[in-house]
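Next come the chains, spelled out residue by residue.
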Amino acid sequence: MAALPNELEALTKAFSGHGIHEQALVSILGKWQPEERKSFRKGSPHFFVEDERNFERWDEHHVRLLKHEFVRFKNAVVLWTMHPWERDARLAKEALKKGPQYSYGILIEISCTRSAEELLGARRAYHSLFDHSLEEDVAHHINGSERKLLVALVSAYRYEGSKVNNDAAKSEAKTLFNAIKDANKRKPIDDEEVIRVLTTRSKPHLQALYKHYKEISGKNIDEDLNADLRLKETVQCICTPQKYFSQVLNTSLKRDVDKNTKKALTRVIVTRADTDMKEIKEEYNKLYGVSLSQKIEDTANGNYKDFLLTLIARGG
Amino acid sequence: MATIIVSQNASVHEDAQALRNAFQGWGTDEKAIISILGHRNEFQRKQIRQAYEELYQEDLIKRLESELSGDFEKAVYRWILDPADRDAVLANVAIKKAETDYHVIIEISCILSPEDLLAVRRAYHCRYKRSLEEDVAAHTSGDLRKLLVALVTAYRYAGHEINERLAKSEADILSDAIKDKAYNNEEVIRILSSRSKAQLIASFNRYRDEHGTSITKNLLGDSDVGTLQKALHAAIRCISDPRKYFEKTVRNAIKGNGTDEDALTRVIVTRAERDLKDIKELYYQRNSVSLDHAVAKETAGDYKAFLLTLLGKED
């Protein structure tokens, strides 16, 4: 007896997206006889391949992907239970192993969205876990213009008070404006003053600078930095973190993104659930016209989905 | 080893009262101030400040600032602060100079343990409402800025594990940079500012094994030595042998015409409870005269009396 089409569809969905719909697998797959499973194999050419020796074989690539999906819930749980310092240290280490495309963004995210003490804690944990300092590994693994930016960002211990020297913020906004204007002569990321301001000034100072910049340029500084992704991310993480996180979440929830981009969903929700999740949800809704919970409901599966929804529902 | 002679039986309240008495009336009894504060360790000094505040609703430090003057006042002010706060003040003074006194920044960032450096950065936040690195960066430029900011923001791994292969490869990188006179090489700054001290000392040792001379000697080989070279030289010396570094600092502060009181005060006040004894021994070996003797010859008045007390002179 062939498998019912709606069951086939449910099963395909159970295996796709973020995480696995464990319950569907148990209730549908668990009761299927050999013929139903055979029709599943024959009816799912993206999961199974016709072998020349007359049997249907699991596509190896897909089995590997499945492994990641099954383990997504476990990873979220482990990350959630970790001390925030260990969490950030491990995220940083993993990022360094993954190479430029993923590591730079995550390092910027960690160093710019955590408080000065949280970043310090992560650096301490890094010592304990890896017997090296974070900055030494970042410097060792990264070369070129980005190295200066990233080493300075992870080493910062910014002043956390609210006192801001408005004149300095205004004049530094002008400095950045000029540096960005002259981008064809020298890339802003190679400009010492740009690096100095972005990596040493306090967050309130930079937020004041963000306002002054808009008055000078008419546009926001991150919009003017479109040509310089890392500087753009830096500014966004410091000045408009909820917008930044909403964008990262949105990308991670798209269909057919690679496994590293998908991991951002767990990372952002677990690391922000205790801080600014409420504001991120509001910003997400504003930007994309749909609630984050709804989007997660549509895209994620099973225990993983329930876990994420529970995390983001905390605190309203 | 420390040089100050600490009185174990001191009563904090008696000390506070005695200091108050020293301020009363015409003039100030500087001798009393020296004989009390010069014989108290950092914990006792902190308690005396608290007791004074409780008894007289006045900040002892502010009172001392108003009662004393000149080099003596500067020395007592630095002495009475908590070590982290003191270093924050020293750093700020160094930064605010027309030409940043990079030696102070290098001393603080390279000699202190990673946790102590962190404490200085916190104290700096508290006192100046800005981060140490933002001020260093805003007052310096170019290669010196890169080096100094990297050094003050470092949070080095504090363990003793070293990687021999890395020590050799990084000794080679340093060696090539020195040979090519490429002192602003980013790798040089990366290595010196991020590796653990144990790892760096291993590299410096490998360098000496390869070349027969120490890296610091070869670094200053030129006749025309630039600022960055001098700064790198100071950093390496501070990392590998702080006491020798301080002996030289103090020797330079005293010799020749005039005395660099800032440097002299800085070394004596910051090391009196740590390793001033070893520095004195090195000084004697090098100069065949005791540091006490040299200081007595080159300074005068209350300032001199205070320094000699910190150096361990018995009353």
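Residues numbered from 1 in each chain as written. Chains lettered and ligands numbered in written order. Predicted model: local features only at pLDDT ≥ 70, side-chain atom pairs only at ≥ 80, totals over all residues. Heavy atoms only, no water.

Asks: When you look at the overall build of chain B in this model, what are you seeing that I'm missing?
Replies: A tally of helices and strands in chain B yields 20 helices and 0 strands. Over its C-alpha atoms chain B spans a radius of gyration of 21 Å, differing by no more than 12% from the 20 Å that the globule rule assigns to 315 residues. Counting only C-alpha atoms, chain B reaches 65 × 45 × 40 Å along its principal axes. Buried positions account for 53% of the 315 residues belonging to chain B. Excluding contacts between residues fewer than 6 apart, the proportion of contacts in chain B whose partners are at least 24 apart in sequence is 71%. As displayed, chain B offers around 13900 Å² of accessible surface, 47% of which is attributable to carbon and sulfur atoms. (Helix = DSSP H or I, 4+ residues; strand = E, 2+ residues; numbered from the N terminus. Rg over C-alpha atoms; globule rule 2.2 N^0.38 Å. Buried < 20%, exposed > 50% of the residue type's maximum accessible area, 1.4 Å probe, protein only. Contact = heavy atoms within 4.5 Å. Areas by Shrake-Rupley, 256 points an atom, 1.4 Å probe, with all protein chains shown as cover.)

Asks: Can you walk me through the pairing of strand E2 (residues 55–58) of chain A in this structure?
Replies: For a regular strand, side chains alternate in direction, first toward one face of the sheet and then toward the other. Residues and elements named next belong to chain A. Both strand E1 (residues 48–51) and E2 contribute to a ladder of 4 bridges, which runs antiparallel. Paired with Asp 51 across the bridge in E2 is Phe 55. Hairpin remark: E1 followed by E2, antiparallel, with 3 residues in the connecting loop; positive phi at Asn 54, about 70 degrees. (Pairing = 2+ DSSP bridges.)

Asks: Hey, could you run me through the packing of helix H8 (residues 134–141) of chain A against helix H9 (residues 145–155) of chain A in this one?
Replies: Residues and elements named next belong to chain A. The geometry of H8 relative to H9 is characterised by a closest axis approach of 9 Å and an angle of 170 degrees between their N-to-C directions. Relative to H9, the element H8 lies roughly antiparallel. The residues of H9 that touch H8, namely those facing Leu 134, Glu 135, Val 138 and Ala 139, are Arg 147, Leu 150, Val 151, Val 154 and Ser 155. (Axes fitted to C-alpha atoms, helices over the stretch in contact; angles between N-to-C directions. Parallel < 35°, antiparallel > 145°, perpendicular 65-115°, else oblique.)

Asks: How should the UniProt feature "binding site: Ca(2+) 3" (unreviewed entry) in chain B be read in this particular structure?
Replies: Residues and elements named next belong to chain B. Mapped onto the present numbering, the UniProt feature "binding site: Ca(2+) 3" (unreviewed entry) falls on Glu 298. Structurally, Glu 298 is set in helix H19 (residues 291–298). Overall, the relative accessible area of 31% leaves Glu 298 in the partly exposed class. Once residues within four sequence positions are removed from consideration, Glu 298 is found in contact with Ile 254 and Thr 259. (UniProt positions renumbered as here; feature names shortened; annotations may be inferred.)

Asks: It is not clear to me how the nonpolar core should be interpreted in this structure. Could you clarify?
Replies: Across soluble globular proteins, you tend to see nonpolar side chains buried next to one another. All names here are of chain B. Formed by 98 residues in total, the largest nonpolar core has its most connected members in Leu 64, Ile 106, Leu 264 and Val 295. Per-element accounting of this core gives the leading share, 8 residues, to helix H15 (residues 227–240). With residues up to four places along the chain from it excluded, the contact list for Leu 64 reads Phe 23, Ile 33, Leu 37, Glu 73, Val 76 and Ile 80. (Core = buried A, V, L, I, M, F, W, Y, C linked by side-chain atoms within 4.5 Å.)

Asks: Would you mind showing me how to read the confidence of the model for chain B here?
Replies: Overall, the predicted model of chain B reaches an average pLDDT of 93, with 99% of residues at or above 70. Scored as a whole, the predicted complex attains pTM 0.85, and scored at its interfaces, ipTM 0.77. (pLDDT = per-residue confidence, 0-100.)

Asks: Got a minute to help me understand the interface of chain B and chain A in this structure?
Replies: Accessible area lost upon the coming together of the parts serves often as the stated size of an interface. Taken together, the 30 residues of chain B in the interface contact 27 residues of chain A. Across the chain B-chain A interface, the total number found is 8 salt bridges. Ionic pairing is found between Arg 201 of chain A and Glu 134 of chain B, a salt bridge with its closest N-O pair at 2.6 Å. On inspection of chain B and its partner chain A, the count reaches 24 residue pairs in polar contact (both at pLDDT 80 or more). Of all the elements in the fold, those that place two or more residues in the side of chain B that touches chain A are helix H8 (114–128), helix H9 (132–139), helix H10 (142–153), helix H11 (164–179) and helix H12 (186–194) of chain B. Ranked by residues supplied to the side of chain B that touches chain A, first place goes to H8 of chain B with 5 residues. Of the residues that constitute the side of chain B that touches chain A, the class distribution is 8 nonpolar, 7 polar and 15 charged. (Salt bridge = Lys/Arg side-chain N within 4 Å of Asp/Glu carboxyl O. Polar contact = N/O pair within 3.5 Å; in protein donor to acceptor, adjacent residues only side chain to side chain. Nonpolar A, V, L, I, M, F, W, Y, C, P; charged D, E, K, R; others polar.)

Asks: I would appreciate a short explanation of the UniProt feature "binding site: Ca(2+) 2" (unreviewed entry) in chain A in the present structure.
Replies: Residue and element names in this part refer to chain A. Cross-referencing UniProt, the feature "binding site: Ca(2+) 2" (unreviewed entry) maps to Arg 255 in the present numbering. Within the secondary structure, Arg 255 sits in the loop between helix H15 (241–252) and helix H16 (259–272). Leaving out residues up to four positions away in the same chain, Arg 255 has contacts with Asp 298 and Thr 299.

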